[in-house]
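Here is what each chain is made of, one letter per residue.
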Amino acid sequence: MASSHGSPVPRASGGGRDGIYHKERDPSSRCRPVRSLPDVCPKEPTGTHTHTHHIQWTVYSSKVNLPAALNDPRLAKRESDFFTKTWGLDFAETDVMPSFYLPNITREHFSPYLQEMAQRERIHERCKTICPNKDDVDAIFMKPDFALDDPATFNTVLPWSHFNSAGGKSSSDVASSRLLQEKLSHYLDVVEVSIARQISLRSEAFFHAMSSQHELQDRLQETQRAVAVLRGRTAAMDRVMCQGPLRALRTALTRNNCVKLHNKLKLMAAVHQTQPTVQLLLSTSEFVGALELIATTKEVLQQELQGIHSFRHLGSQLCELEKLIDKMMVEDFSMYARSDLSRSLKDEPQVLEKERLESLVFGLLRQRKLDFLDIYSDEMIVAAKGIVTQCVVDSVSQIEEIDTEVVTKLADQMRLMTFPQWFELLQSVFSSFLLFLQKIKATLNVIRNVVLEVLDSNQKTRLLEQSTAGEAELAYLTHEGLFISDALNEAQQQQQAALAGGGATQDPSGGAGASRLQAAGSDSASGTTESSSSREQGFHTAGGVIILDMMPTELELGRVANNIQELLCTASDVSHDRCVKVLMARAKDGSLERLSSAEFVCLSQAVEGFVRDTEELCCRRSVSLRGALQSQANRFVHRFHEERKTKLSLLLDNERWKQAEVPAEFQDLVNSIADGRITLPERKTPGPDDRKPSEFLLVDGQKYAVVGTVLLLIRIFLEYCQCVNDIPSITTDMLTRLSDLLKHFNSRSCQLVLGAGALQVVGLKTITTKNLALASRCLQLVVHYIPVIRAHFETKLQPKQYSVLRHFDHITKDYNDHIAEISAKLVAIMDSLFEKALSKYEVKAPMPSACFRNVCKQMSKMHEAIYELLPEEQTQMLFLRINASFKMHLKRQLARLGVVNDGGPQHGLVVVDVAFYTENVQALRSLERLDLNMAEIWEQKR
């Protein structure tokens, strides 16, 4: 079995001249060695040499596994010598697979080595015959580490122990020393003879080397002479061709450096004038120019004058100066806002000092002072308070009845005004705030234009930077970093530029810096406040260094633009809030609740007009003033309703339920309603040619006999409708209140008439059928107008509010039920009379009987009471019901008396009475064709 640690094939070294072959140092770099298990069953020693050192055996060192050998499944049968074999590596017959990590070595691999070593081997064999025999000289002299200074070596070469200790002067010692001397001399002779033989064998090569040395010396001398000639020629070329041009190049570089130095000095002079120029600009409030100059100076200090000792404190001074300018700009903007908002609202331009405002906004944006709108907002709130105060003072000064020394508070002074005076004050406040908002909008438009201009400039700068990315010029920072060719090209370009421009060559960096400083200073000193894209760039590139500007980002500018619109909306809200204060100061003592409907309508229209104007101006819907007006409207509606409900209650309590005359103005009112005008007509001054009142109210061709309360009720619900026309926001509340009013009329009239409450309230002796019929007709008139009222309110409601109209359906049902109850009451009156009269009826002569005479008399009275009040159809229906009651009681009495329709005498008498009854009833007006069907009084025969 081959060992995995075998030596690799020797290979000849490619770089050595001696042909020595070296073993590779790291064979593991070519292939990974295979680790073979150590022999744990050491063989028996086969020779005289024994192993003195063995590796300690462990179970992991075993080579053959006895159970595996006994149970090998590949063997068909056991070997016959299985139990006679010797235990060891050869116990199991196994074929060792060749290692995949070892190459297959053949003799051809060693053929190059053998060919190279054959010559050396022959030389070595020949030298072995030349060299002295090792047996002629002791082996100690042949050792490589032979040294006499080693005591052991010395004692071996000179064995002094063989000499006696008596100084070595005995005869034996002398003989021993002579013998040693002769032996050493013999060794010396043997060596000298060998050396001479070697020299004689190599004499030819020795003399050839000596001759080669002389030839080498001759060639070296020739080479020395050639080098001297070449160096002389090179020195001449340097003197003639190089020193002049190099001197010219050095002169050009020196001149260029002088020009740069001159430009730096001019730049330093310009920087030195920065602070006085800034002070001059600040004295004229040119904040933008001062900031531009400071920014340019800081840029120059950072890029072109960095490290200048005299300017080591200038950067911090400019930073402090910039902070001072920030404070000055904020204070100046605050003063501008205060003066702009507190000036007179009329006869002045809407924007005060537009150029100054633009300059301030530019400066504040440049310094990222984006909270300047908060300053304007605070000043705006103060100015809004001042507007109300000034309007009140101006109004009170024109009213002599108010003593301002006694009444000092503005709210108390407003409450002492009459409504026309206070309404005039309110209109003045509204007009002042409209002018105030117009002025604020104009100012904010100027600020917005500045912000949008800066935003547009930033976007253009960003696009320009994206297009010029990667085209930055190379900057040469030091003289030592220049190559000669670059310096020559630069000198030629400067000469061409000087010839073309007719002036001295300027350094690009220093000249640009000085020009920027001069331009910034001159533009600022001249008072220029115009913005440009180059001035408002977000980034400046100079000398390969990118400097971040202080201008806000596009996101921040967009946020500022949105805040400007929000500030305008805030101004609208503030104006509305101050107007609410004026409104609530007046309403504190309830004076607004006591306004007439016309006055409140005027107030509502004025407020709605102001709200509408501010919405158009500020594009925002403010709710505070509308909310305050709605609150007052709710109180007004409550008072309005309570007054009319109280008035209606008083009218009903004093109503005697007699037919009233209808004035011509009420007839005109009803006619206008019929024409679709649901409004109160204008009051006319009475004249001598006024028409006389009529007995009935004509509505759509029908006559209505009414009481005075119903006429006033019609006017009252027209007042409700008129109020809804003037104040649409209270439609739902007014509808609910009107429904309550109609319900109150229905329930109270029921209590007074059907419930006989008028007997105690008014002092009526009895509730007559005429009272009942009149009450029924009044209710019918109200039912007639309920659909008209409903249609009018429906036009004022949103579709989602139509559900409140169901109140009218409930009211209509209640009124119809009340009318039916009155009709039933009239029938019940006659029914009780029939029952009383017919209970005493007897069929006997004379005819017609007194009972039927009495019944006909009562029927005639009933007809006389209701005929003028109720329409013909209702009268006929009512008498049909009365006739049915009469027939029921008569039939019952006849059944009690036992009278039947048998043609007998009693039957004949009853027929006479019935004929008398029928003749009298049909003799009444509008009842001529009434079918009484008196045959029903007789029992049907079975």
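Structure: above.
Residues numbered from 1 in each chain as written. Predicted model: local features only at pLDDT ≥ 70, side-chain atom pairs only at ≥ 80, totals over all residues. Heavy atoms only, no water.

> Just checking my understanding: could you explain the packing of aromatic side chains for this structure?
Going through the model one piece at a time under the given rule, you end up with 15 aromatic pairs. Ring plane angle 50° and centroid distance 5.9 Å describe the contact between Phe 717 and Tyr 785, whose orientation is recorded as tilted. Here the residue Phe 717 occupies a position in helix α19 (residues 708-726), and Tyr 785 occupies one in helix α22 (residues 769-796), the gap between them amounting to 68 residues. Taken together, Phe 834, Tyr 841, Phe 852, Phe 886 and Tyr 917 form an aromatic cluster joined through their ring pairs. Arg 777 extends its terminal NZ or CZ atom over the ring of Tyr 704, reaching a point 3.9 Å from the ring centre. Positioned over the ring face of Phe 916 is Arg 853, at 5.7 Å from the centre of the ring. (Phe/Tyr/Trp six-rings, centres within 6.5 Å; stacked < 30°, edge-to-face > 60°. Helix = DSSP H or I, 4+ residues; strand = E, 2+ residues; numbered from the N terminus. Lys NZ or Arg CZ within 6 Å of the ring centre and 35° of its normal.)

> What am I meant to see in unusual backbone geometry here?
For the bond from Ala 845 to Pro 846, the omega torsion is 0°, close enough to zero to count as cis. By the element assignment, Pro 846 lies in the loop between α23 (806-838) and α24 (850-866). Residue Met 847 is joined to Pro 848 through a cis peptide bond whose omega torsion reads -5°. Of note, Pro 848 is situated in the loop between α23 and α24. Unusually for a residue other than glycine, Asp 700 sits at a positive phi of about 50°. Of note, Asp 700 is situated in the loop between β5 (697-699) and β6 (702-704). Classification of Asp 700 as exposed rests on a relative accessible area of 57%. The residue Ala 756 is not glycine, and still its phi comes out positive at about 60°. Relative to the helices and strands, Ala 756 resides in the loop between α20 (731-754) and α21 (758-761). A relative accessible area of 22% means that Ala 756 is categorised as partly exposed. (Buried < 20%, exposed > 50% of the residue type's maximum accessible area, 1.4 Å probe, protein only.)

> Could you clarify how one ought to interpret the packing of helix α6 (residues 274-283) against helix α8 (residues 314-342) in this entry?
Any two packed helices are characterised by the angle at which their axes cross and by the distance between the axes. Axis separation between α6 and α8 bottoms out at 12 Å; the angle between their running directions is 5°. The angle between α6 and α8 places the two elements in the roughly parallel class. Two secondary-structure elements touch here, α6 through Thr 274, Gln 275, Val 278, Gln 279 and Leu 282 and α8 through Leu 314, Gln 317, Leu 318, Leu 321, Ile 325 and Met 328. (Axes fitted to C-alpha atoms, helices over the stretch in contact; angles between N-to-C directions. Parallel < 35°, antiparallel > 145°, perpendicular 65-115°, else oblique. Contact = heavy atoms within 4.5 Å.)

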